[in-house]
Amino acid sequence: MSVLPFDQRDGFIWKNGEMVPWKDAKLHVLSHGLHYGSCVFEGERAYNGVIYKSREHSERFKKSAELLDFEIPYSVDEIEAAKVATLEKNGLKNSYVRPVAWRGSEMMAVAAQNAKIHVAIAVWDWPSMFDIATKMKGIKLDIAEYRRPDPACAPCASKAAGLYMICTISKHRAERRGYADAMMLDWQGRVAECTGANILFTKDGEIHTPLADCFLNGITRQTVIGLARDKGIKVNERRILPEELSSFEECFIVGTGAEVTPVAEIGPYNFVPGAISRTLVEAYAAEVQPKVLA
């Protein structure tokens, strides 16, 4: 698939308080964030010009940096204003929104306490990927070889760039094998999440989903759990072993990019997207649309 490289696009990126032409938004090759992973980011979506749960994302952005031992030099309100300004400057309504913060090039060693913290916000066009009929066919997932790390070994509550290294490896392997994504286990061999989305299952009219204690408790995950409970669907957040997959009826993944996407297959296990999946696909689609005030 031919995709225009992201460094060759037109538009504007907010960087360190200023709007700069897209192609000029650069960093030095000796930036600490590139070499040592001192970088955090957010993945957000704007629907009809309004970023869904924008403030929650901005607050998590700040917290992610704190967990990596640096402070983003802008308040939540300033980040919120910058995101809106970037959308308006680029004239986009339905788009992906990517805030990112990283340590700069002032120091090049493991310790870099005096490195400048840079912040940028980019937006690009991204409509919903599939209609409901297409989504309800379900996607296929591989089972990843790498596992989510023990929370004693990594700041799993941070949306830190370095934590996605094994996700990229796992998704590449899955795509080469004909799958859309991969389901990852945790360090103890229990079901965790996918490479960029959380995962939920159904059985006997109830939802079962892994405890988010060694991976990011996604904002979309929290939203979908709330929508399910509002509709009277019981949600069980618990440990799930791989051998339980054969007992589940439906499966779906949730995330900013995936929204709510049903799953038809995980390795040797098969699922049939059904009523709960459809209910939550439709409920989430309605939820993210900006509300019209009377």
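Below is a summary of the structure that appears in this document. (Residues numbered from 1 in each chain as written. Predicted model: local features only at pLDDT ≥ 70, side-chain atom pairs only at ≥ 80, totals over all residues. Heavy atoms only, no water.)

## Focus: the nonpolar core
- In terms of nonpolar packing, the biggest core is built from 23 residues, with Val40, Phe61, Phe70, Ile72, Ala101 and Val119 touching the most fellow members.
- Counting only elements with at least two residues in this core, the list comes to α2 (54-67), α3 (76-90), β6 (95-103) and β7 (117-125).
- Of all the elements, β7 adds the most residues to this core, at four residues.
- Excluding its chain neighbours within four sequence positions, the residues that come into contact with Ala101 are Ser38, Cys39, Val40, Phe61, Phe70, Ile72, His118 and Val119. (Core = buried A, V, L, I, M, F, W, Y, C linked by side-chain atoms within 4.5 Å. Buried < 20%, exposed > 50% of the residue type's maximum accessible area, 1.4 Å probe, protein only. Helix = DSSP H or I, 4+ residues; strand = E, 2+ residues; numbered from the N terminus. Contact = heavy atoms within 4.5 Å.)

## Notes on the packing of aromatic side chains
- Applying the stated criterion across every chain, the model contains eight aromatic pairs.
- Measuring from centroid to centroid gives 4.7 Å for Tyr96 and Trp126, while their planes differ by 40°, and the two rings are tilted. Taken together, the residues Tyr96 in strand β6 and Trp126 in the loop between β7 and α4 (132-135) connect sequence positions 30 residues apart.
- Considering the side-chain rings of Phe201 and Phe271, the 6.1 Å spacing of their centres and the 45° angle between planes classify their relative orientation as tilted. Separated by 70 residues along the polypeptide, Phe201 in strand β11 (residues 198-203) and Phe271 in the loop between β16 (269-270) and α7 (275-287) bring together distant segments of the chain.
- Above the ring of Phe6, the side-chain terminus of Arg9 is found at 3.7 Å from the ring centroid.
- The ring of Tyr179 has Lys140 lying over it, and the distance from NZ or CZ to the ring centre is 5.6 Å. (Phe/Tyr/Trp six-rings, centres within 6.5 Å; stacked < 30°, edge-to-face > 60°. Lys NZ or Arg CZ within 6 Å of the ring centre and 35° of its normal.)

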